[in-house]
Amino acid sequence: MLFKPNSIVYQFNINHCRAAAAEVLRLASTSPNFVFALQEPYLNPVSKQVALLGNRHSIITSHEDSPRAIIYAHINVNLWPVSHLMDRDVAAALWRKPTKIEKDVLLLSVYWECDNKNAPVPNKLIEAINYAKQRNLEIIVLMDANAKNTIWGSNDTNRRGRLLEDLITHNNLTLLNQGNTATFVRHNCATFIDVTLASSIISTEISNWFVDPDYHYSDHRLISFDMGFHITKGPPRRSTSKTDWKAYTKDLAAAFSNTNNININNINDLEGSITK
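The structure reproduced in this document is the subject of the present report. (Residues numbered from 1 in each chain as written. Predicted model: local features only at pLDDT ≥ 70, side-chain atom pairs only at ≥ 80, totals over all residues. Heavy atoms only, no water.)

**Section: the overall build of the chain**
Consideration 1: A tally of helices and strands in the chain yields 6 helices and 14 strands.
Consideration 2: For the chain, the proportion of its 276 residues judged to be buried stands at 46%.
Consideration 3: Pairs at least 24 apart in sequence give 60% of the contacts found in the chain among residues at least 6 apart.
Consideration 4: Carbon and sulfur atoms form 51% of the exposed surface of the chain, whose accessible area is close to 15,300 Å². (Helix = DSSP H or I, 4+ residues; strand = E, 2+ residues; numbered from the N terminus. Buried < 20%, exposed > 50% of the residue type's maximum accessible area, 1.4 Å probe, protein only. Contact = heavy atoms within 4.5 Å. Areas by Shrake-Rupley, 256 points an atom, 1.4 Å probe, with all protein chains shown as cover.)

Here it is, written out as structure tokens:
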């Protein structure tokens, strides 16, 4: 038996870059049942809406001008938009029973604006966390927090980092970040400002959280993880423990009953006798 993830989830701020959006399409073409939580997506300069991703798969967004958080997913992934929990900085979808735990998951793509250093935690994020609690939903938050905290790898902790740490602690969320690969890299700095959070039960279904150190046309690094597992049957095998050896011996003797005149001394003789 082979164990394969139900879905591969990506987290990526593409910084409004056309080439990074094309990279998302490339990854989507090779990933069955993909889910992308994107921040600062590439936008059509005229319509101010998401561009390049096409209409073959699902795009979940508030449809406000210049959205800064969206969810892009394979059409086979059972996601439903939750409109009242969305604005331009939060995209929200209900993921119907994505794993064996048989619970629905509230999936969030979140952008915490960086221009205003004193900006509070996004209101829709707090509203969504409370919504999940009230309805006994699991929750996954994929967030460009623009926040530093030593608990997710930063060298220091700033005001935003403390606010987000309080949110994590107060709501009993699990921080999934691991390793020492920075999530944001420029020529003059490398830091950790992208975080992945999950409620306790669904966090046990998440594995292989990983920051890709390679460049994907954005100053943010691509984050990915596996979501749930299903069992795929391998090639069929014959179980000799269930063989009826008496019947087998009888059939074999019958098959060779007319081979008394065949002289087999080597493999060539054997192959020749089989083809006769």
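**Brief notes about the sheet that holds strand β12 (residues 194-199)**
Consideration 1: Taken in spatial order, the 6 strands make up an open sheet running β5-β6-β7-β8-β12-β9, and their pairing is mixed. Lying at the two open borders of the sheet, with one neighbouring strand each, are β5 (79-81) and β9 (173-175). Going from strand to strand, the sheet's axes swing by 25° on average, the running direction of each strand aside.
Consideration 2: In terms of strand pairing, strand β8 (residues 138-144) meets β12 through 5 bridges, oriented antiparallel. Following the sheet pairing, L142 is matched in β12 by T196.
Consideration 3: Contacts between helix α2 (residues 123-134) and the sheet are confined to β6 (90-95), β7 (105-111), β8 and β9, with β7 contributing the most and set at about 170° to the helix. (Pairing = 2+ DSSP bridges. Axes fitted to C-alpha atoms, helices over the stretch in contact; angles between N-to-C directions.)

**Topic: the pairing of β8**
Consideration 1: Of all 7 residues in β8, 7 are buried; the element is thus mostly enclosed.
Consideration 2: Residues E138, I140, L142 and D144 line one face of β8 and the alternating positions I139, V141 and M143 line the opposite face, and both faces are buried.
Consideration 3: Across 7 bridges, β7 lies against β8 in parallel orientation. Its bridge partner lying in β8, Y111 is registered against D144.
Consideration 4: Once you follow β7 into α2 and on to β8, the crossover reads as right-handed. (Right-handed = clockwise from strand over helix to strand, strands pointing away.)

**Comments concerning the environment of A69**
Consideration 1: Here A69 shows up in strand β4 (residues 69-73).
Consideration 2: A relative accessible area of 0% means that A69 is categorised as buried.
Consideration 3: With 39 residues separating them along the chain, A69 and L108 place their C-alpha atoms 8.9 Å apart.
Consideration 4: Residues contacting A69, with those up to four places away along its chain left out, are L38, Q39, P41, T61, R88, D89, V90, A91, S109, V110 and Y111.

**Concerning the pattern of salt bridges**
Consideration 1: In the structure shown here, the tally under the stated rule is 7 salt bridges.
Consideration 2: Close ionic contact of R68 with D89 constitutes a salt bridge, the shortest N to O distance being 2.7 Å. With R68 in the loop between β3 (58-60) and β4 and D89 in the loop between β5 and β6, this residue pair connects regions lying 21 residues apart in the sequence.
Consideration 3: Given a relative accessible area of 13%, R68 falls into the buried group.
Consideration 4: For K97, the salt bridge is made with D104, and the minimal N-O distance between the two is 3.8 Å.
Consideration 5: Relative accessible area serves as the criterion here: at 39%, K97 is assigned to the partly exposed category.
Consideration 6: The class of D104 is buried, set by a relative accessible area of 14%. (Salt bridge = Lys/Arg side-chain N within 4 Å of Asp/Glu carboxyl O.)

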